Amino acid sequence: MLLYFLRLGTLGFGGPIVLAGYMQRDLVDDRHWISREDYLEGLAFSQLSPGPLAAQLAMYLGWVAGGRIGATLSGIAFVLPSFLMVLALAALYVHFGSLAWIQGAFYGIGAAVIAIMARSSYKLVRTTLGKDRLLWTLFCGMAITTAWTESEILWLFLLCGAVSAAIKSWPHSGSGTHRMGVISAIGPLMTGAHGVATTATVWTLFAFFAKAGAFVFGSGLAIVPFLYSGVVREFHWLSERQFLDAVAVAMITPGPVVITAGFIGYLVAGVVGSSAAAFAVFAPPFFIVILAAPYYRRFAQNPHVNAFVRGVTAAAVGAIAGAAFVLGRRAIVDWQTAAIAVITLAGLLASKKIPEPLLIVVAGVLGLILQRGTH
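Because the structure is a prediction, the values reported are computed rather than measured.

With respect to the overall build of the protein chain
And then number 1: In terms of regular secondary structure, the protein chain is built from 14 helices and two strands.
And then number 2: Out of the 375 residues in the protein chain, the part that is buried amounts to 55%.
And then number 3: Summing over all exposed atoms, the protein chain offers an accessible surface of approximately 16500 Å²; the carbon and sulfur share of this is 68%.

Okay, here's the thing in structure tokens:
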């Protein structure tokens, strides 16, 4: 499993929705290393918790397989490859200028990713909702809300869980109540896009990304506007162009979208800043898994809690579908990107043997060609 998450962190493109779909396909459907119930519990737990969904799901599944050591190793294996890639790209960015080619590649990649997201959403719907009308109602409500507000609201997840628990466990009531309960500064290593950063800046960077990891729900969809308000508007660490480049790098590299923290950290304070930002954004969800997962798992089979989790899971799948709609509206901007998305989806549906990373690479090359053809 450690080698699997290392491979997924190296080759897993597409953001949290697609990565969660990969885990379901590989660990549940194909290899049967994780049961469907454990996967769905992990998906609901990760959606209820702040921080990057895909990374937390990987940690949770690692915890299911190997306890705290499993969660630690799975988290490291999943995050490390994309962090090293982003670190290298950030160094090239600072020393050689803009990454305009990434914008051209992302023109095609974004459309292909939407197709992969659509198929992943379909698979999650098929495996979690079935013919349950209540779960379908919760799913549709959350999908519409997410698409309308372009954000994921925690209390709505809790409300969906409470509604499901109240309705589904009503005949089983009467059993009682259960609770769910040193950065060392070396000049060259702290040199970012604007020169050598101060220790105070590094600490501020660390605190900001720790806050993002601890309090922002909704993973990649929700964390981008939060980062923009702090990084660009509040602290003025990056320009809008630099911030967009940071997001593009995160989307074009494998692994979780919030690995953009490493890129932003490097531009602010070099290697030290990159390490501090990446550690800060992933630490809160890791500790949440280590501390809360055992208690969550203990009560997960209780009929009341089980109904609550099913409601939250339906809401989570709805939020994923809504997020796919929002991202799709931004990525598919003309007939060319629409064609890339349709061809990618057709390829995915026609054959299960076509690797998604290959489709991502092909779409990126097409994006570069099309963008160059328009200039």
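There's more to say after this.
Quick notes on the confidence of the model for the protein chain
And then number 1: Of the residues in the protein chain, 83% reach a pLDDT of 70 or more, and the chain-wide mean stands at 79.
And then number 2: Overall, residues 172-185 carries pLDDT values under 50, and its contacts beyond four positions in sequence, including any with other chains, amount to 15 contacts.

Thoughts on the environment of Leu189
And then number 1: Among the secondary structure elements, Leu189 is positioned in the loop between helix H7 (154-168) and strand S1 (191-192).
And then number 2: Through-space distance from the C-alpha of Leu189 to that of Ser274 is 9.7 Å; in sequence the pair is 85 residues apart.
And then number 3: Not counting the four nearest positions on each side in its chain, Leu189 is found in contact with Ala269, Gly270, Val271 and Val272.

A word on the packing of aromatic side chains
And then number 1: Across all of its chains, the model carries 13 aromatic pairs by this definition.
And then number 2: Ring geometry for Tyr60 and Trp63: centres 5.7 Å apart, planes at 45 degrees, overall tilted. Here Trp63 and Tyr60 lie together in helix H4 (residues 53-96), a separation of three residues that amounts to about one turn.
And then number 3: Under the relative-accessibility criterion, Trp63 is labelled buried at 12%.
And then number 4: Here the aromatic rings of Phe286 and Phe287 are separated by 5.3 Å at their centres, their planes lie at 70 degrees, and the arrangement is edge-to-face.
And then number 5: In this arrangement the basic side chain of Arg31 is found over the ring face of Trp33, its NZ or CZ atom lying 5.1 Å from the centre.

A closer look at the packing of H4 against helix H11 (residues 260-299)
And then number 1: Where H4 meets H11, the axes come as close as 10 Å, and the angle between the chain directions of the two elements is 170 degrees. Comparing their axes, H11 and H4 come out roughly antiparallel.
And then number 2: Here the residues of the contact of H4 with H11 sort into 29 nonpolar, six polar and two charged.

A short note on the pattern of salt bridges
And then number 1: Scanning the entire structure with this criterion turns up one salt bridge.
And then number 2: The partner of Asp26 in a salt bridge is Arg25, with the nearest N and O atoms 2.8 Å apart.
And then number 3: Using a relative accessible area of 8% as the deciding quantity, one classes Asp26 as buried.

Basis of the calculations
- Residues numbered from 1 in each chain as written.
- Predicted model: local features only at pLDDT ≥ 70, side-chain atom pairs only at ≥ 80, totals over all residues.
- Heavy atoms only, no water.
- Helix = DSSP H or I, 4+ residues; strand = E, 2+ residues; numbered from the N terminus.
- Buried < 20%, exposed > 50% of the residue type's maximum accessible area, 1.4 Å probe, protein only.
- Areas by Shrake-Rupley, 256 points an atom, 1.4 Å probe, with all protein chains shown as cover.
- pLDDT = per-residue confidence, 0-100.
- Contact = heavy atoms within 4.5 Å.
- Phe/Tyr/Trp six-rings, centres within 6.5 Å; stacked < 30°, edge-to-face > 60°.
- Lys NZ or Arg CZ within 6 Å of the ring centre and 35° of its normal.
- Axes fitted to C-alpha atoms, helices over the stretch in contact; angles between N-to-C directions.
- Parallel < 35°, antiparallel > 145°, perpendicular 65-115°, else oblique.
- Nonpolar A, V, L, I, M, F, W, Y, C, P; charged D, E, K, R; others polar.
- Salt bridge = Lys/Arg side-chain N within 4 Å of Asp/Glu carboxyl O.

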